[in-house]
Amino acid sequence: IGIVHVPTHSTSVKKRVDRATATYFRVLWDGDRSFPTVQNGDCGPCEVDGSTCICDTNATISAVFDGSTFPSLEDIHAQLLIGAPDPDMFDSGTYLPCSAPICTGGDAVVYTRNIEVTQNDNFILDSDTIFEVPNPNG
């Protein structure tokens, strides 16, 4: 995937998001794991640009876990595929470690944004939650 920016009110585009020099990165695809490719000059609903497809996309932010139970370390590693900044990089008090009984005793440390979680009844996992986990590769 390469991020490309096509401005509507300006002709100036940063090189890292220009069509000719986009910054590329790997992604995991949902569903059947297929993605648009140029075949016979067609990209489906996307625009053909040489040997690649230019497609409109939307990103969504949502919580992976609902907080009804504490996720296992295996579930965290399997389902959270994008890293997060170290909670210490934020202003003091922005991220707080969960100290509720549901959060203790496991291998992961949970940080909640602007919420001090000390009891199980106020345990909330949302899109701002950060999990600190040991590296599965040692």
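Quick note: structure is the one above.
The following refers to the structure shown. Owing to the predicted nature of the structure, the values given are computational and were not obtained by experimental measurement.

Here is what the cut-offs are and how they apply
Residues numbered from 1 in each chain as written. Predicted model: local features only at pLDDT ≥ 70, side-chain atom pairs only at ≥ 80, totals over all residues. Heavy atoms only, no water. Phe/Tyr/Trp six-rings, centres within 6.5 Å; stacked < 30°, edge-to-face > 60°. Buried < 20%, exposed > 50% of the residue type's maximum accessible area, 1.4 Å probe, protein only. Core = buried A, V, L, I, M, F, W, Y, C linked by side-chain atoms within 4.5 Å. Contact = heavy atoms within 4.5 Å. Disulfide = S-S within 2.5 Å. Helix = DSSP H or I, 4+ residues; strand = E, 2+ residues; numbered from the N terminus. Pairing = 2+ DSSP bridges. Axes fitted to C-alpha atoms, helices over the stretch in contact; angles between N-to-C directions.

## Section: the packing of aromatic side chains
The tally for this structure, following the rule as stated, stands at three aromatic pairs. Arranged with centres 4.9 Å apart and planes meeting at 50 degrees, the rings of phenylalanine 90 and tyrosine 95 form a pair that is tilted. Residue classification places phenylalanine 90 among the partly exposed residues on the basis of a relative accessible area of 28%. For tyrosine 95, a relative accessible area of 11% puts it in the buried group.

## Structural notes on the nonpolar core
What tends to happen in soluble globular proteins is that the nonpolar side chains get buried as a cluster. If you look at the biggest cluster of nonpolar residues, it comprises eleven residues: Phe65, Ile76, Cys98, Ala100, Cys103, Ala108, Val110, Val117, Phe123, Leu125 and Phe131. Discounting chain neighbours no more than four positions away, the residues touching alanine 100 are Val117, Thr118, Gln119 and Asn120.

## Overview of the state of the cysteines
In a disulfide, the sulfur atoms of two cysteines are covalently bonded to one another. Overall, the coordinates contain three disulfides when judged by the stated rule. The disulfide that involves cysteine 43 links it to cysteine 53, with 1.9 Å between the sulfurs. Linking cysteine 43 and cysteine 53, the disulfide has an S-S dihedral of approximately -80 degrees and is accordingly described as left-handed. One end of the pair, cysteine 43, is in the loop between β2 (23-24) and β3 (47-49); the other, cysteine 53, is in strand β4 (residues 52-54), with ten residues separating them in the sequence.

## Thoughts on the pairing of strand β6 (residues 109-113)
The sheet contact formed by strand β5 (residues 95-97) and β6 spans three bridges and is antiparallel. Bridge pairing in β6 places tyrosine 95 opposite arginine 113. Looking at chain direction, β6 and strand β7 (residues 130-132) are connected through three bridges and run antiparallel. In the sheet register, valine 109 faces β7, and the bridge partner there is glutamate 132.

## Comments concerning the sheet that holds β5
Sheets are built from strands that pair by backbone hydrogen bonding, the pairs being arranged parallel or antiparallel. Spatially, three strands are ordered β5-β6-β7 in an open sheet, and the strand pairing comes out antiparallel. Every other strand in the sheet has two partners, leaving β5 and β7 as the edge strands with one partner each. Taking each pair of neighbouring strands and ignoring which way they run, the sheet shows an average axis angle of 30 degrees.

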